[in-house]
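Remarks on the overall topology
So the chains spell out like this:
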Amino acid sequence: MKFDEQKNATLDGLITCDAEIMSGTPVFKNTRVPIKNLIDYLETGETLDAFLDDFPSVNRDQVVKVLELAKEMLLTHAYANSH
């Protein structure tokens, strides 16, 4: 499986973008919690536990996988643009 195919499979398993759910805002799969909420929490210094307490429909494994995916995508993009 190529990286782009693997990335898309991972994205599809973690994140939903559907016009019927939060007007197409990217959300954690099977929830109505926008991914942006997690980023906003972390930007303001809130803990992962605080986020999970405030959004009980999201579990720790989902958050960790989304953060790992974001890291991988950022590093891949940085490496691709460094040459």
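Residues numbered from 1 in each chain as written. Predicted model: local features only at pLDDT ≥ 70, side-chain atom pairs only at ≥ 80, totals over all residues. Heavy atoms only, no water.

**Observations regarding the overall build of the chain**
Put simply, the rule is: Secondary structure elements are defined from DSSP: runs of H or I of at least 4 residues count as helices, runs of E of at least 2 residues count as strands, and each element is numbered from the N terminus. Burial classification: accessible surface area is computed with a 1.4 Å probe over protein chains only, and a residue below 20% of its type maximum counts as buried, one above 50% as exposed, and the rest as partly exposed. By definition, residues are in contact when any of their heavy atoms lie within 4.5 Å. Using a 1.4 Å probe, the Shrake-Rupley method yields the accessible areas, and only the shown protein chains count as cover for residues.
Each helix and strand in the chain was counted, giving four helices and two strands. Element order for the chain, N to C, with α for helix and β for strand: α-β-β-α-α-α. In the chain, which comprises 83 residues, the share counted as buried stands at 25%. Expressed as a percentage of contacts within the chain between residues at least 6 apart in sequence, the contacts between residues at least 24 apart total 32%. Carbon and sulfur atoms form 54% of the exposed surface of the chain, whose accessible area is close to 5900 Å².

**Observations concerning the nonpolar core**
Keep this limit in mind: Grouping buried Ala, Val, Leu, Ile, Met, Phe, Trp, Tyr and Cys residues that are joined through side-chain atoms within 4.5 Å yields what is termed a nonpolar core.
Core analysis: the biggest nonpolar cluster contains 16 residues, and Phe-28, Phe-51, Val-58 and Val-63 have the highest contact counts within it. Elements supplying a minimum of two residues to this core: helix 2 (35-43), helix 3 (48-54) and helix 4 (60-80). With four residues, the top contributor of residues to this core is helix 3. Discounting residues that sit within four places of it in the chain, Val-63 has contacts with Phe-28, Leu-38, Leu-48, Phe-51, Leu-52 and Val-58.

**What about the confidence of the model for the chain?**
Applied cut-off: Confidence scores labelled pLDDT are given residue by residue by the predictor and lie between 0 and 100.
For the chain, the average pLDDT comes to 89, and 87% of its residues sit at 70 or higher. Predicted confidence in the chain is weakest over helix 1 (residues 3-14), with a mean pLDDT of 63, and strongest over helix 3, with 98.

**Some details on helix 2**
For the record, the criterion: The arc in question is the one spanned by the directions pointing from the helix axis to the C-beta atoms.
Those residues of helix 2 that sit buried are Ile-35, Leu-38 and Tyr-41. Buried residues along helix 2 cover an arc of 125° about the axis, so they all sit on one side. Among the exposed residues of helix 2, those oriented more than 90 degrees off its buried face are Lys-36 and Glu-43. Buried residues belonging to helix 2 abut strand 1 (15-16), strand 2 (27-28), helix 3 and helix 4. Positive phi appears at Gly-45, one or two residues downstream of helix 2, with a value of about 90°.

**Comments concerning the pattern of salt bridges**
Quick reminder of the rule: Salt bridges are defined as contacts in which a side-chain nitrogen from Lys or Arg sits within 4 Å of a carboxyl oxygen from Asp or Glu.
Under the criterion given, the structure shown has three salt bridges. Between Asp-40 and Lys-36 there is a salt bridge, with its nearest N and O atoms 2.9 Å apart. You can see Asp-40 and its partner Lys-36 sitting in helix 2, four residues apart, about one turn around the helix. Accessibility expressed as a relative area gives 27% for Asp-40, which makes it partly exposed. Between Asp-49 and Arg-60 there is a salt bridge, with the nearest N and O atoms lying 2.1 Å from each other. Highlighted residues: Asp-49 in helix 3 and Arg-60 in helix 4, separated in sequence by eleven residues.

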